[in-house]
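One letter stands for each residue in the lines below.
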Amino acid sequence: MQNNDYPIPLPNDAKLEATKQFNVVAHDLPKVDGEGLVLGRPAYTDDLVPPNALYVKLVRSPHAFARILSIDPTDALALPGVACVLTWKDIPRIPITRAGQGNPEPSPHDRFILDEYVRYVGDEVAVVAAETEALAEKAAGLVKVEYQKLKPVLDFEHALDNPIVIHPEPGIHEMFPIGFEPKRNIAAAYHMEIGDVEQELAASPVKVETTVHTQAQQHVALEPHTAFSYIDLQGRLVIVTSTQNPWHTRRLLGLAFQMPLRQIRIVKPRIGGGFGGKQHIHVEPYVAMVTMKTGRPASLALTRREVFEATFTRHEMRVKVRLGANPDGKLRAIDMQVLSNTGAYGEHALTTFMVAGSKTLPLYNKVSAVRFGGHVVYTNKVSAGAFRGYGAIQGLTGLEAAMDELAHKLSIDPVELRRKNMLHEGETSEVFRIMGEGTEGVAMNIESCKLEECIARGKELIGWDFTQLVHEVAPGVLRAKGMAIAMQGSGIPLIDMGSARIELQDGGFFKLHVGATDLGTGSDTILAQIAAEELGVDMEDIVVHSSDTDHTPFDVGAYASSTTYVSGSAVLKAARSLKTKLIEAVAEKFGVAPKDIVYTQKTFMTADGTKSLSLNDFSYDTLYHDGEKMKTIEATESFSGSKSPPPYLAAFVEIEIDTETGKVNVVHYVAVVDVGTPINPNLAKVQIEGGLLQGIGLALYEDVRYSEAGHMLSHNMMTYPIPSREDVGRITVELVDSYEPSGPFGAKSAGEIGIDTPPAAIANAIRNATGVRLTEYPFTPERVLAALKAAKTQHT
Amino acid sequence: MNITLRINGKQESIECLPGEMLTEVLRRAGHFEVKKGCDTGNCGACTVLVDGKPVLSCSYLAVRAEGKEITTIQGLADEAKKFAAFLTAEGADQCGFCAPGFALTVLAMKEEFSSIPDEAQIRHYLAGNLCRCSGYEGQIRAIKKYLEAQHAE
Ligand code: FES
Ligand code: FES
């Protein structure tokens, strides 16, 4: 991996060498649930619905903004087999947020489970339950709703201080200051400045300014949002749901229904993909209402159209970046101003917006002044929420466009411009301390950063030659290269917390209980790997059970790239503490000091070799044979990070652009990534590949389109195509050697970083090909063509 | 009304409503391996074999299946396990929601081609089986290795 251009000191960390000795961690082990899922065994929420459950359907708003004047359920209720029709009058009027976030949530409480107002097409109006799905659907169609239509605000550029106020209602509030000003259509706002940006820009001999507009994007997890509920033997409400955050779901439902949390249990079975889309409550309240009303189990699986129209999207953002630099390319100032569209409700409004700065600006940490600010505004479109990349992709798209523009202006290699200015191991950025997610940040020294290595290897893989970034392959058809770099985080420091409990079982195996939520990423597998490594056993000796608020210890859930780092650290701590307890128990049995016990190959031995006992035999002794000394040996530990070590990625793309048709194809996408120690390299790589493809989709064609009245036009997989197997050329992902001292066995995160670079790298490649900077995403052939034409007329 | 068909080699008579699609009927009969990812015939999660040919059961009227032989991934469990071993070895299975339909299409492809298809043919044959998690690269690696191993057998 060494390249002569790069005099990189060898990783001096002996720990990195030690990773080569791992037995379970850093191995490509198959996922624990892999075969079962391929065979289609019942595993997801909709496979597990009790046979006598009622089917739930939701009546949704046909208007972008309206007041409900009346709801008449008579005809629906007259149908035999219809159990109930519930409306906003059937629940307490409690403002909540649907964002699955810590407590107190940084999202405004601006939403009611059901409300008298509807604020986008698809907003929930009434809940209908019936014996069959067909009947529920028919009944939903018979509910008569009278609306007073209101004029909507659809364009986020005109939302701020618009005379139409989307949230005029009383009672809604922020949990702590987030800049919430509903009278101005502002869900959240933020501003920070380090140094004096205007002064530094004025003093900079070279300046560039770039504005990009990134669109809303749909998650399109293949499993639609699904939940069912029932009352258990003890009269408690049980909800089985495809959620990324069981505990937040329990807490928010308790608030919405004014129910003690002890009355609620949330269970997450397998999830068919999340990407942030299931970090919210979308279906749970409605099945719960029906179960509480009727006493019957109730189930709701959204149709794909409902997932499109009425769950969440990515925040649309306008990102303006100004850079000031010296003629040699040394950056002096960065100014990033953002306008973000949160849609009808403010879920994740502040945090996605802040991440646009907090997870991008530290990349270029040598500036004298940096500023970030702007607003998150309401519109009458479907809400935006959490989505992999979570603001970082939007901010980075602006920042990396500006960096390339600066390179063009200075006629220097964009790679060298970045190397000159970027963050390195052992350094820090003031931004870490100042900007967190919704709150202040946490100061952090970067202990692992192999961006130099990522860049060097990426250049090799793509064949980067600054003097040859574009060539013509056929008349009007150009091949060109572009690049971008990225960082993310690993959990939210001092806010995210995960726990694990490990218990020795007879037979010498271990039960691992984690609150962490495997949404298909393989976290059950990698957490078992971490436990097995530390306990010196095989993967098979660890049985994992996850995400059940009754049966597993607390975890905030799977988001913010937290699971490996936060939940993984909890597992490692629990395994360590369990190992100590095991050794102490055996030492007592042998009548020696714990330090005189050697534990290897699942066997305990005295240091002098006179006594030995297998883990298996010990498990029977402690549970069946040892009389009054018998005990369960278990350990529970928690972890909350005091930092959020970023993974890093260097991306290089080769595109082909047909200047006659405007069609852009990705020929080869190279991503070289520093995730620290990959606990399971294959799973990490595949996850990054998946992120890249979502990012490519965002760059080239995924788009949430509306009619003028605010109806979503792209409401199925035909009108909103996601990338297929034939849509991209090659994707190459490589992981560089790296070790994060604060992470479990040196690991950082891998969940989000993959998605961040494609919009920027592809735009930079198109710029290199054509000289035209595209700023309106996605880059459909029509847009590309129009931009090329506009540039031509400007020049002539 | 009832329809009579063979599911994974077993003769069954199951209820279906007028206009109902095969996915619903199969799931109601307990065949949860048939997944529903979209409602528009775009994702491939609902793939089953009708008389040996891959079909999107969400766009296939249940009544059309009268007298037909339906195979789900459970009907080819032994072969599916072999493929699953290659898929999981590559780490190319993430949420797994696409997997039963996708694996079934792979097995159908293997039957249809007399020799090992090349990458472009594989991508084309499986283009209707979408996966939002994996980025496809790992799946392609797994398919190639599986086909080569099968060919060598
Ligand atoms: S569910 Fe049949 S193709 Fe998507
Ligand atoms: S693994 Fe999730 S859709 Fe394919």
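Residues numbered from 1 in each chain as written. Chains lettered and ligands numbered in written order. Predicted model: local features only at pLDDT ≥ 70, side-chain atom pairs only at ≥ 80, totals over all residues. Heavy atoms only, no water.

A.B. asks: What's the story with helix α3 (residues 99-112) of chain B in this structure? I'm lost.
C.D. replies: Counting along an α-helix, one turn takes 3.6 residues, and residues three or four places apart therefore face a common direction. Residue and element names in this part refer to chain B. With 14 residues, α3 ought to run about 20 Å at 1.5 Å a step, and its terminal C-alpha atoms sit 20 Å apart, in line with that. Counting buried positions along α3 yields 11 of 14 residues, so the element is predominantly enclosed. Among the residues of α3, those classed as buried are Ala99, Pro100, Gly101, Phe102, Ala103, Leu104, Thr105, Val106, Leu107, Ala108 and Met109. (Helix = DSSP H or I, 4+ residues; strand = E, 2+ residues; numbered from the N terminus. Expected span 1.5 Å × (residues − 1). Buried < 20%, exposed > 50% of the residue type's maximum accessible area, 1.4 Å probe, protein only.)

A.B. asks: Just checking my understanding: could you explain the interface of chain A and chain B for this structure?
C.D. replies: Each partner contributes residues to the interface: chain A has 55 residues there, and chain B has 51 residues. Between chain A and chain B, a total of about 4200 Å² is buried, with carbon and sulfur atoms accounting for 56% of that surface. The largest per-residue losses of area from chain A upon contact with chain B belong to Val38, Leu222 and Arg725 of chain A, which jointly make up 23% of the total buried on that side. The tally of links from chain A across to chain B stands at 5 salt bridges. (Contact = heavy atoms within 4.5 Å. Buried area = accessible area lost by both parts, 1.4 Å probe. Salt bridge = Lys/Arg side-chain N within 4 Å of Asp/Glu carboxyl O.)

A.B. asks: Looking at this structure, how should I read the confidence of the model for chain A?
C.D. replies: As a note on interpretation, predicted positions should not be read in detail where pLDDT is low. Taken residue by residue, chain A gives an average pLDDT of 96. The fraction at 70 or more is 98%. Residue range residues 1-10 of chain A is modelled with pLDDT below 50. Its contacts to residues more than four positions away, or to other chains, number 16 contacts. (pLDDT = per-residue confidence, 0-100.)

A.B. asks: Would you mind going over the domain arrangement of chain B with me for this structure?
C.D. replies: By convention, interface size is frequently given as the accessible area that disappears when the constituent parts associate. Residues and elements named next belong to chain B. Partitioning chain B into structural domains gives domain 1 (2-74) and domain 2 (75-152). Computed from C-alpha coordinates alone, the two centres of domain 1 and domain 2 are separated by 21 Å. The interface of domain 1 with domain 2 comprises 17 residues on the first partner and 16 residues on the second. A combined buried area of about 1300 Å² lies between domain 1 and domain 2, and 67% of that area is made up of carbon and sulfur atoms. Inspection of the region where domain 1 meets domain 2 yields 10 residue pairs in polar contact (both at pLDDT 80 or more). Ranked by residues supplied to the side of domain 1 that touches domain 2, first place goes to strand β3 (residues 47-50) with 3 residues. When its residues are assigned to classes, the side of domain 1 that touches domain 2 shows 6 nonpolar, 8 polar and 3 charged. (Domains from an automatic or database assignment. Polar contact = N/O pair within 3.5 Å; in protein donor to acceptor, adjacent residues only side chain to side chain. Nonpolar A, V, L, I, M, F, W, Y, C, P; charged D, E, K, R; others polar.)

A.B. asks: Please explain the nonpolar core as it appears in this structure.
C.D. replies: For soluble globular proteins, nonpolar side chains are generally found buried alongside one another. Residues and elements named next belong to chain A. One finds Leu323, Ile334, Phe372, Tyr669 and Ile762 to be the most contacted residues of the largest nonpolar core, which totals 151 residues. A per-element tally of this core places helix α10 (residues 392-410) first, with 9 residues. Residues in contact with isoleucine 334, not counting those within four places in the same chain, are Val197, Val321, Arg322, Leu323, Leu361, Tyr364, Val367, Ala369, Val370, Arg371 and Leu399. If you look at the next biggest cluster of nonpolar residues, it comprises 47 residues, including Leu527, Ala585, Val586 and Ile679. (Core = buried A, V, L, I, M, F, W, Y, C linked by side-chain atoms within 4.5 Å.)

A.B. asks: I tried to follow the domain arrangement of chain A on my own but got confused; where do I start?
C.D. replies: Residue and element names in this part refer to chain A. Splitting chain A by domain gives domain 1 (45-150 + 226-301), domain 2 (313-492 + 643-795) and domain 3 (497-639). The straight-line distance from the C-alpha centre of domain 1 to that of domain 2 is 36 Å. Each partner contributes residues to the interface: domain 1 has 23 residues there, and domain 2 has 24 residues. The tally of links from domain 1 across to domain 2 stands at 1 salt bridge. The closest approach of N and O atoms between glutamate 347 and arginine 98, which form a salt bridge, is 2.7 Å. In this structure, the connection of domain 1 to domain 2 is made through 16 residue pairs in polar contact (both at pLDDT 80 or more). Residue composition of the side of domain 1 that touches domain 2, grouped by class: 10 nonpolar, 8 polar and 5 charged.

A.B. asks: I'm lost on the packing of helix α15 (residues 563-590) of chain A against helix α16 (residues 615-625) of chain A in this one. Help?
C.D. replies: A pair of packed helices is characterised by two quantities: the angle between their axes and the separation of those axes. All names here are of chain A. Packing of α15 against α16 leaves a shortest axis separation of 12 Å and a crossing angle of 75°. When the axis of α15 is compared with that of α16, the two are roughly perpendicular. For the pair formed by α15 and α16, the contact residues are Leu582, Ala585, Val586 and Lys589 on the first element and Leu615, Phe618 and Asp621 on the second. The class makeup of the residues in the contact of α15 with α16 is 5 nonpolar, no polar and 2 charged. (Axes fitted to C-alpha atoms, helices over the stretch in contact; angles between N-to-C directions. Parallel < 35°, antiparallel > 145°, perpendicular 65-115°, else oblique.)

A.B. asks: How do you make sense of a nonpolar patch on the surface when you look at a structure like this?
C.D. replies: On the surface, a cluster of nonpolar side chains totalling about 240 Å² of accessible area is made up of Met1, Leu61 and Val63 of chain B. On the secondary structure map, methionine 1 of chain B appears in the segment before β1 (2-7). (Patch = residues over 30% accessible without salt bridge, like charges linked within 9 Å, V, L, I, M, F, W, Y side chains within 5 Å. Areas by Shrake-Rupley, 256 points an atom, 1.4 Å probe, with all protein chains shown as cover.)

A.B. asks: Help me out: how do you make sense of the sheet that holds strand β11 (residues 264-267) of chain A in this one?
C.D. replies: Strand pairing within a sheet occurs via backbone hydrogen bonds; the two strands may be parallel or antiparallel. Residues and elements named next belong to chain A. Here 7 strands make up an open sheet; going across it, the order is β3-β5-β1-β12-β9-β10-β11 and the pairing mixed. Of all the strands in the sheet, just β3 (82-86) and β11 have a single pairing partner and so form its edges. Averaged over all neighbouring strand pairs, the angle between strand axes comes to 20°, with direction disregarded. Sheet contacts for helix α6 (residues 246-257): β10 (237-241) and β11; angle to β11, the most-contacted strand, approximately 150°. Set on the sheet, helix α7 (residues 284-294) makes contact with β1 (54-60), β3, β5 (124-130), β9 (226-231), β10 and β12 (298-301); between it and β9 the angle comes to about 25°. (Pairing = 2+ DSSP bridges.)

A.B. asks: When you look at the packing of helix α17 (residues 681-700) of chain A against helix α18 (residues 758-770) of chain A in this model, what are you seeing that I'm missing?
C.D. replies: Residues and elements named next belong to chain A. Orientation of α17 relative to α18, taken along the N-to-C sense of each, is 55°, at an axis distance of 8 Å. Overall, the two elements α17 and α18 adopt an arrangement that is oblique. Relative to α18, α17 is oriented so that their crossing is right-handed. Each of Leu692, Gly695, Ile696, Leu698, Ala699 and Leu700 in α17 lies in contact with α18, whose residues at this interface are Pro758, Pro759 and Ile762. Within the contact of α17 with α18, the residues separate by chemical class into 8 nonpolar, 1 polar and no charged. (Left-handed = near helix turned anticlockwise from the far one by under 90°.)

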